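Single-letter residue listing:
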Amino acid sequence: MGVSGTTNDWATTTLDTAVNWARANSLWPMPFGTACCGIEMMAAFMAKYDTARFGSEVMKFSPRQSDLLIVSGRISLKMMPVLQRIWEQMPEPKWCISMGACASSGGVFDTYTLIQGVDQFIPVDAYMPGCPPRPEAFLDALMMVQEKAKKGQAKSQEYVTGDASSDPARSVAFRTPDTHYRHGADRSTPAKEKSGG
Amino acid sequence: MIVYTPENHLPLIAKVEAHLGERLLGREEKSHYHQFKVLAKDARALIQFLRDEPGLGFAMFIDLTAVDYLKYPVAQPERFAVITTLLSPSLGIRVQVKAFVAGGEPRIPSLADLYAGANWTEREVWDLYGIEFLGHPDLKRILMPDDFDGHPLRKDYPLRGRGERGNFPVYHATTQKPQGDA
Ligand code: SF4
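Residues numbered from 1 in each chain as written. Chains lettered and ligands numbered in written order. Predicted model: local features only at pLDDT ≥ 70, side-chain atom pairs only at ≥ 80, totals over all residues. Heavy atoms only, no water.

### A word on the overall build of chain B
Consideration 1: Check the secondary structure of chain B and you find 3 helices and 7 strands.
Consideration 2: Each helix and strand of chain B, placed in order from N terminus to C terminus, yields the pattern α-β-β-α-β-β-β-β-α-β.
Consideration 3: The 182 residues of chain B split such that 43% are buried.
Consideration 4: Taking all contacts inside chain B whose residues are at least 6 apart in sequence as the whole, residues at least 24 apart take part in 54%.
Consideration 5: Total accessible area on chain B stands at roughly 9400 Å², and carbon and sulfur atoms take up 54% of it. (Helix = DSSP H or I, 4+ residues; strand = E, 2+ residues; numbered from the N terminus. Buried < 20%, exposed > 50% of the residue type's maximum accessible area, 1.4 Å probe, protein only. Contact = heavy atoms within 4.5 Å. Areas by Shrake-Rupley, 256 points an atom, 1.4 Å probe, with all protein chains shown as cover.)

Printed below as a string of structure tokens:
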């Protein structure tokens, strides 16, 4: 962006830069708070830490009107298709913050039911360490996403997107979950037929 | 409010002992209630007695849970125990019934027709321990996904599962250009 030095009433830029700048400073978060990290996320949005300074104070519980998914908390096997469906409902361009040890790696919960890192299923732009992370860490992650947005980058662009519903190999959100919850050893055998009715 | 003393439980203990006789495996004084131990086949009759006997009136269902004693260091009568906690609003005291259920195909009569609150807690115990509640109106999983195999709170279920976590297809980053309005 170039700003004229002599007169202060005009500036030159490219349309992309202007659009990216606008996007970066008006990220609309979609909170996905499933556990204790969600509480810390709420603290980050309150008056003391004041996410409004970064233009992203409007928490929208509607994925279709937001472009920043904040996964804050544990994601179980049963919740993960919901999370992925919400991600796929968000319009491009979109970013994702994985907040806390659980969302990023499963944390201490290395158990039969917990996803060991949401980045196996959705593209993550910024990871936040901590259990839970401080609101300052949240703001740091938000600023990292802003930097990416200013450059027009998003992790989701590195992934094949396209029509997820037509390619079941890439999306679990649109599959019937019949085979997923069964034991790994059963993977080759079809799920038991449910009696019709 | 009635404060707990061992004395105000004496009528309850006397009534239960008289009612069950030999079938009472034992009782234990806990911090603020008594626990009666029975076999699964006697549990429902005892709970019905506690509910309907004049002077007892354990009309309020508090909780129902289970224990798997598979690797417990102290020997127990059976592998599983189903633990029901009840409250008597008139006496102001609680009581716990511990019903031992044999392993293999664990089965115990349902309480869902005595207490509406037992319906979902029994489904939870079925879901996580695989204990079947005979006569339950709608015994299906409540926490785990409907088509999950196994009962994960059993002590012989591996902590990291049996590969369920690996069954989901994962996203892979690719160098391919995104389609559409790139
Ligand atoms: S990382 Fe810690 S605070 Fe966050 S959801 Fe996990 S256990 Fe809770």
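That shown, we press on.
### Quick notes on helix α2 (residues 36-45) of chain A
Residues and elements named next belong to chain A.
Consideration 1: Looking at α2, one finds that the buried residues are Cys-37, Gly-38, Glu-40, Met-41, Ala-44 and Phe-45. Take α2 and look down its axis: the buried residues cluster within an arc of 160°, on one side only.
Consideration 2: Looking at the buried side of α2, the elements it contacts are β3 (29-33), β4 (68-72), β5 (95-99), α4 (100-105) and α5 (135-150). (Arc of directions from axis to C-beta.)

### As for the site of the ligand
Residues and elements named next belong to chain A.
Consideration 1: Taken together, Ala-35, Cys-36, Cys-37, Gly-73, Arg-74, Ala-101, Cys-102, Phe-109, Gly-130, Cys-131 and Pro-132 form the complete shell of residues around the ligand.
Consideration 2: Contributions of two or more residues to the shell around the ligand are made by α2 and α4.
Consideration 3: When grouped by side-chain class, the residues that make up the shell around the ligand number 8 nonpolar, 2 polar and 1 charged. (Near = heavy atom within 4 Å. Nonpolar A, V, L, I, M, F, W, Y, C, P; charged D, E, K, R; others polar.)

### Some remarks on helix α1 (residues 10-20) of chain B
Residues and elements named next belong to chain B.
Consideration 1: Among the residues making up α1, those that are buried are Leu-12, Ile-13, Val-16 and Leu-20. Down the axis, α1 shows its buried residues gathered within 95° of arc, on one side only. Exposed residues lying more than 90 degrees from the buried face of α1 are Leu-10, Pro-11 and Ala-18.
Consideration 2: Among the structural elements, β1 (26-29), β2 (33-39), α2 (40-52) and β5 (93-101) are those in contact with the buried residues of α1.
Consideration 3: Once α1 ends, the next one or two residues include Gly-21, with phi positive near 60°.

### Some points on the nonpolar core
All names here are of chain B.
Consideration 1: Judged by nonpolar contacts, the single largest core of 40 residues is most densely connected at Leu-12, Leu-46, Leu-50, Ile-108 and Ile-131.
Consideration 2: Counting residues per element, the ones that place at least two in this core are α1, β2, α2, β3 (60-68), β4 (80-88), β5 and α3 (118-129).
Consideration 3: Counting residues per element, this core draws most heavily on α2, which supplies 6 residues.
Consideration 4: Apart from the residues within four sequence positions on either side, Leu-50 is in contact with Leu-12, Val-16, Leu-56, Gly-57, Phe-58, Leu-86, Val-95 and Val-97. (Core = buried A, V, L, I, M, F, W, Y, C linked by side-chain atoms within 4.5 Å.)

### Structural notes on the sheet that holds β3 of chain B
Residues and elements named next belong to chain B.
Consideration 1: Taking strand neighbours across the sheet as the criterion, the 5 strands line up as β1-β2-β5-β4-β3 in an open arrangement whose pairing is mixed. Pairing within the sheet leaves two strands with one partner each, and these edge strands are β1 and β3. Geometrically, the sheet is characterised by an average inter-axis angle of 20° between neighbouring strands, direction not taken into account.
Consideration 2: α1 contacts β1, β2 and β5 of the sheet and is inclined by roughly 10° relative to β2.
Consideration 3: With respect to the sheet, α2 is in contact with β2, β4 and β5, its orientation differing from that of β2 by roughly 140°. (Pairing = 2+ DSSP bridges. Axes fitted to C-alpha atoms, helices over the stretch in contact; angles between N-to-C directions.)

### Some details on the environment of Ser-56 of chain A
Residue and element names in this part refer to chain A.
Consideration 1: With respect to the helices and strands, the residue Ser-56 is situated in the loop between α2 and β4.
Consideration 2: Between the C-alpha atoms of Ser-56 and Pro-29, which are 27 residues apart in sequence, the distance is 6.5 Å.
Consideration 3: In this structure Ser-56 touches Leu-27, Pro-29, Phe-45, Thr-51 and Leu-142, once residues within four positions along its chain are discounted.

### Describing the environment of Leu-77 of chain A
Consideration 1: In this structure, Leu-77 of chain A sits in the loop between β4 and α3 (80-89).
Consideration 2: In the structure, Leu-77 of chain A is positioned 39 residues away from Gln-116 of chain A in sequence and 9.8 Å away in space, judged by C-alpha atoms.

### A look at the side chain of Thr-111 of chain A
Consideration 1: In this fold, Thr-111 of chain A is placed in the loop between α4 and β6 (126-128).
Consideration 2: Assessed through its relative accessible area of 17%, Thr-111 of chain A is described here as buried.
Consideration 3: Every residue in contact with Thr-111 of chain A, bar those within four places of it in the chain, is listed here: Gln-116 of chain A together with Leu-159, Arg-160 and Arg-165 of chain B.

### Section: the confidence of the model for chain B
Residues and elements named next belong to chain B.
Consideration 1: Looking at chain B as a whole, its pLDDT mean stands at 85, while 88% of the residues score no less than 70.
Consideration 2: Long-range and interchain partners of residues 173-182, a stretch whose pLDDT sits below 50, account for 9 contacts in this model, where long-range means more than four residues apart.
Consideration 3: At the level of chain-chain contacts, confidence expressed as ipTM amounts to 0.71, with global pTM at 0.76. (pLDDT = per-residue confidence, 0-100.)

### Observations concerning the packing of aromatic side chains
Consideration 1: Scanning the model with the defined rule gives 6 aromatic pairs over all chains in all.
Consideration 2: Centroid distance Tyr-112 of chain A to Tyr-157 of chain B: 5.9 Å. Interplanar angle 80°. Geometry classified as edge-to-face. On the criterion of chain membership, the pair formed by Tyr-112 of chain A in the loop between α4 and β6 and Tyr-157 of chain B in the segment after β7 (132-134) is interchain, its members lying in two chains.
Consideration 3: With centroids separated by 4.9 Å and ring planes inclined at 70°, the aromatic side chains of Tyr-69 of chain B and Tyr-72 of chain B adopt a geometry described as edge-to-face.
Consideration 4: The buried category is assigned to Tyr-69 of chain B, whose relative accessible area is 11%.
Consideration 5: Here Tyr-72 of chain B falls in the partly exposed class, since its relative accessible area comes to 44%.
Consideration 6: Directly above the ring of Trp-87 of chain A sits Lys-94 of chain A, whose terminal nitrogen or CZ lies 4.6 Å from the centroid. (Phe/Tyr/Trp six-rings, centres within 6.5 Å; stacked < 30°, edge-to-face > 60°. Lys NZ or Arg CZ within 6 Å of the ring centre and 35° of its normal.)

### Structural notes on unusual backbone geometry
All names here are of chain A.
Consideration 1: A cis geometry characterises the amide bond from Glu-92 onward to Pro-93, with omega recorded as -5°.
Consideration 2: Summarising the element assignment, Pro-93 is placed in the loop between α3 and β5.
Consideration 3: For the peptide bond that leads from Cys-131 to Pro-132, omega is -10°, which places it in the cis range.
Consideration 4: With respect to the helices and strands, the residue Pro-132 is situated in the loop between β6 and α5.

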